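Reading the structure
One letter stands for each residue in the lines below.
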Amino acid sequence: MHKFSFEKLDVWKESISFSKDIYELTKTFPSDEKFGLISQLRRATNSISSNLAEGTSRSTNKDKAHFTTLAYSSTMEVLNHLILSKELYLMSEKKYISLREKINKISNMLNGLRKSQLNE
């Protein structure tokens, strides 16, 4: 089966794995957060991989870098929601630290990708 260019990106693969982690986490949230933090976290985390996929279809490096920036912005949005979730005691400190480490990895990879896109 043919793989599209975004499917070959390590950062895209990491972001898909991270989305799965967020879906598992939010299954444990109270049902009254269904339209609050659960929805916000899931949409923001899906936006990371979606922007990477959309960006690879663009023809200029500037456009590609723009979508990588959007993916980075979504990563920071997820971090914000995770901080709030931790403050509301919706997750353990251990789980928060684990997810934060994944965010650090993804954000570093996104920064590297963006730099390479702007320097091509």
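Provided above is the structure to which this section pertains.
Let me sum up the structure you'll find in this document. (Residues numbered from 1 in each chain as written. Predicted model: local features only at pLDDT ≥ 70, side-chain atom pairs only at ≥ 80, totals over all residues. Heavy atoms only, no water.)

Before going further, it helps to spend a moment on the overall build of the protein. Regarding its fold elements, the protein presents four helices and zero strands. Order of helices (α) and strands (β) in the protein, N terminus to C terminus: α-α-α-α. For 120 residues, the compact-globule estimate of 2.2 N^0.38 gives 14 Å, and the C-alpha radius of gyration of the protein, at 15 Å, lies within 12% of that figure. Across its three principal axes, the protein shows a C-alpha extent of roughly 45 × 25 × 20 Å. Residue burial in the protein is summarised as follows: out of 120 residues, 37% are buried. For the protein, the proportion of contacts with a sequence separation of at least 24, taken over those separated by at least 6, is 69%. A gap of 4 Å separates the mean positions of the 19 positive and 14 negative side-chain charges of the protein. (Helix = DSSP H or I, 4+ residues; strand = E, 2+ residues; numbered from the N terminus. Rg over C-alpha atoms; globule rule 2.2 N^0.38 Å. Buried < 20%, exposed > 50% of the residue type's maximum accessible area, 1.4 Å probe, protein only. Contact = heavy atoms within 4.5 Å. Lys, Arg positive; Asp, Glu negative; His and termini not counted. Charge placed at Lys NZ, Arg CZ, Asp CG, Glu CD.)

The next subject is the pattern of salt bridges. In the structure shown here, the tally under the stated rule is seven salt bridges. The partner of K86 in a salt bridge is E87, with the nearest N and O atoms 3.4 Å apart. Among the charged side chains, a salt-bridge network with shared partners connects K86, E87 and E93. (Salt bridge = Lys/Arg side-chain N within 4 Å of Asp/Glu carboxyl O.)

Time to look at the packing of aromatic side chains. Enumeration according to the criterion identifies two aromatic pairs in this entry. Their ring planes at 75° and their centres at 5.2 Å tell us that F6 and W12 sit as a pair that is edge-to-face. When sorted by exposure, F6 lands in the same class as W12, which is buried. Above the plane of the ring of Y96 lies K86, whose end atom (NZ or CZ) is 5.0 Å from the centre. (Phe/Tyr/Trp six-rings, centres within 6.5 Å; stacked < 30°, edge-to-face > 60°. Lys NZ or Arg CZ within 6 Å of the ring centre and 35° of its normal.)

We now examine the packing of helix α1 (residues 10-26) against helix α4 (residues 93-118). As a packed pair, α1 and α4 sit with axes 10 Å apart at the nearest point and diverge in direction by 155°. It follows that α1 is roughly antiparallel to α4 by the angle criterion. Note on packing geometry: the crossing formed by α1 with α4 is left-handed. Contacts between α1 and α4 involve D10, V11, E14, S15, F18, D21, I22 and L25 from the first element and K95, L99, K102, I103, K105, I106, M109, L110 and L113 from the second. Looking at the contact of α1 with α4, its residues break down into ten nonpolar, one polar and six charged. (Axes fitted to C-alpha atoms, helices over the stretch in contact; angles between N-to-C directions. Parallel < 35°, antiparallel > 145°, perpendicular 65-115°, else oblique. Left-handed = near helix turned anticlockwise from the far one by under 90°. Nonpolar A, V, L, I, M, F, W, Y, C, P; charged D, E, K, R; others polar.)

Turning our attention to the side chain of T26. Relative to the helices and strands, T26 is located in helix α1. For T26, the side chain forms a polar contact with the main-chain oxygen of Y23, separated by 3.2 Å. Once you skip the residues sitting within four places of it in the chain, T26 turns out to touch I38, L41 and R42. (Polar contact = N/O pair within 3.5 Å; in protein donor to acceptor, adjacent residues only side chain to side chain.)

On to the environment of Y23, then. Along the chain, Y23 falls in helix α1. Residue class for Y23 comes out partly exposed when judged on its relative accessible area of 32%. Side-chain polar atoms of Y23 contact the side chain of N46, separated by 3.0 Å.

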